[in-house]
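Fold and geometry: a report
Residues per chain, in single letters:
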Amino acid sequence: MGFNAYRTSISWSRIFPDGEGASNEEGLQFYDDVFDEMIANGIQPVITLCHFDLPLALAEKYNGFASRKVVDLFEKYARTVFERYKDKVKYWLTFNEQNLILINPEFWGLIKGADDEGLRYQVAHNAFVAHAKATKALHEIIPDGQMAGMITYFTSYPYSPKPEDALANYKAKEILNDFYFDIFANGEYPTYISSRLKGKGIMPTFEEGDAELLKENTVDYLSISYYQSSTARATDQEGRDYEFARNPYLEATEWGWTIDPIGFRLALKDMYSRYRLPIFITENGIGVREELDENNTVEDDYRIDYVRDHIKEMKLAMEEGVDIFGYLTWGATDILSSSGQMSKRYGFIFVNRGEEDLRDLKRYKKKSFDWYKKVIETNGAEL
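Here the structure is a predicted model, which means the values were calculated and not measured.

Basis of the calculations
- Residues numbered from 1 in each chain as written.
- Predicted model: local features only at pLDDT ≥ 70, side-chain atom pairs only at ≥ 80, totals over all residues.
- Heavy atoms only, no water.
- Pairing = 2+ DSSP bridges.
- Helix = DSSP H or I, 4+ residues; strand = E, 2+ residues; numbered from the N terminus.
- Axes fitted to C-alpha atoms, helices over the stretch in contact; angles between N-to-C directions.
- Buried < 20%, exposed > 50% of the residue type's maximum accessible area, 1.4 Å probe, protein only.
- Contact = heavy atoms within 4.5 Å.
- Phe/Tyr/Trp six-rings, centres within 6.5 Å; stacked < 30°, edge-to-face > 60°.
- Lys NZ or Arg CZ within 6 Å of the ring centre and 35° of its normal.

1. Looking at the sheet that holds strand β1 (residues 5-9)
- Spatial strand order, β1-β2-β3-β4-β6-β9-β10: seven strands in an open sheet with parallel pairing. One side of each edge strand has no neighbouring strand; the edge strands of this open sheet are β1 and β10 (324-327). Pairwise comparison of adjacent strand axes, ignoring direction, gives a mean angle of 25° for this sheet.
- In this structure, strand β4 (residues 146-152) lies alongside strand β6 (residues 221-226), joined through five bridges in parallel fashion. Bridge pairing links I151 to I224 in β6.

And the structure:
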């Protein structure tokens, strides 16, 4: 296809099978081989340190990032791979979609106490500290290395012109997007979060040096996944500032994800106006149930339309002054998604397997394959 960059992740468990102890040389060599093959083919690695795959032993032993021990172990893991791959990888991300931590704390190893809001914010804080420690380590070990903070961006609109809905939408954006970017880019808790948490008596515990660590180790660029938008409205539910509702003006995928390329542009413009940091889109795509046709392909014009429309809006954002230096789709081939689904297919290449039936695992080009190959060849000039 002609990829010049490819994002994947290192499995912490491959490097430290129990999350701690001695590193596993076979695991380290595995990624040497992967990165060497990529570089030999003109593909720059873009590497995530932890993509919802905390070593199970650390969840069971320490309750994941609820423990500061795991923060220190993450730093050790990060330093180990930075030292190993310092001549091969320049672009790094700490955690995949870090803003899901309050929604899905189990992705950060929280087994006990997930219903405790204060504990969830403590886990979020510990992950911010781990992120800052990794950023510090990267800049020490790979001076020209670039670290991102990465979230899945939730573009949202007020459900109606009612001021209450506009306020609900503003609060949704603060909680879901801005909180994380403000810490990644500015190195401190925004007052709209700290005042809220102090008022509820659940402000996370800062250990000595945490505030300075966050402040001194901000990111080099911002990264997002973007798939959909939503609408927010006021709610009478106790303890809730907003609730989401379907947008009647947009079509949605069979998974209920609204298709909104303009929302993508709005996200990029807002990010750059607030933070003035370069942006790398590391995920964008559409998941669809698909099967091979009689010609052993998939006529996925809907995928071509989706990616084309999003790239068009990205180009308009760049023409309006937004600094964007990379765009990657999710993904190249059909793979298991975060909840273990194979039926939700994102790739340009069909992989012949089902949810549990491995079939023959053969690969087949979808119609979108050759189209996207041309997009890469022309750097987006031909869509």
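2. Points about the environment of L213
- Relative to the assigned elements, L213 resides in helix α8 (residues 210-216).
- Overall, L213 belongs to the buried group, its relative accessible area being 14%.
- In this structure the C-alpha to C-alpha distance between L213 and Q44, which are 169 residues apart in sequence, comes to 30 Å.
- If sequence neighbours within four positions are ignored, L213 has contacts with V129, A132, K133 and K136.

3. Examining the packing of aromatic side chains
- As enumerated under the stated definition, the model contains 38 aromatic pairs in all.
- Here F65 and F74 contribute two aromatic rings whose centre-to-centre distance is 6.0 Å and whose plane-to-plane angle is 70°, an arrangement assigned as edge-to-face.
- Residue class for F74 comes out buried when judged on its relative accessible area of 0%.
- Ring centres 5.4 Å apart and planes at 70° place the aromatic pair F128 and F179 in the edge-to-face group. Here F179 lies in helix α6 (residues 163-186) and F128 lies in helix α5 (residues 117-141), a separation of 51 residues in the sequence. The residues F128 and F179 share a single accessibility class, namely buried.
- Just above the ring of Y159 sits the side chain of R233; from NZ or CZ to the centre is 5.0 Å.

4. Looking at the sheet that holds strand β7 (residues 229-233)
- Strand order across the open sheet formed by three strands is β5-β7-β8, with mixed pairing between neighbours. Of all strands in the sheet, those with a lone pairing partner are β5 (155-158) and β8 (243-245), marking the two edges. In this sheet, adjacent strand axes meet at a mean angle of 45° when their direction is disregarded.
- α6 rests against β5, β7 and β8 of the sheet, and its axis sits at about 125° to β7.

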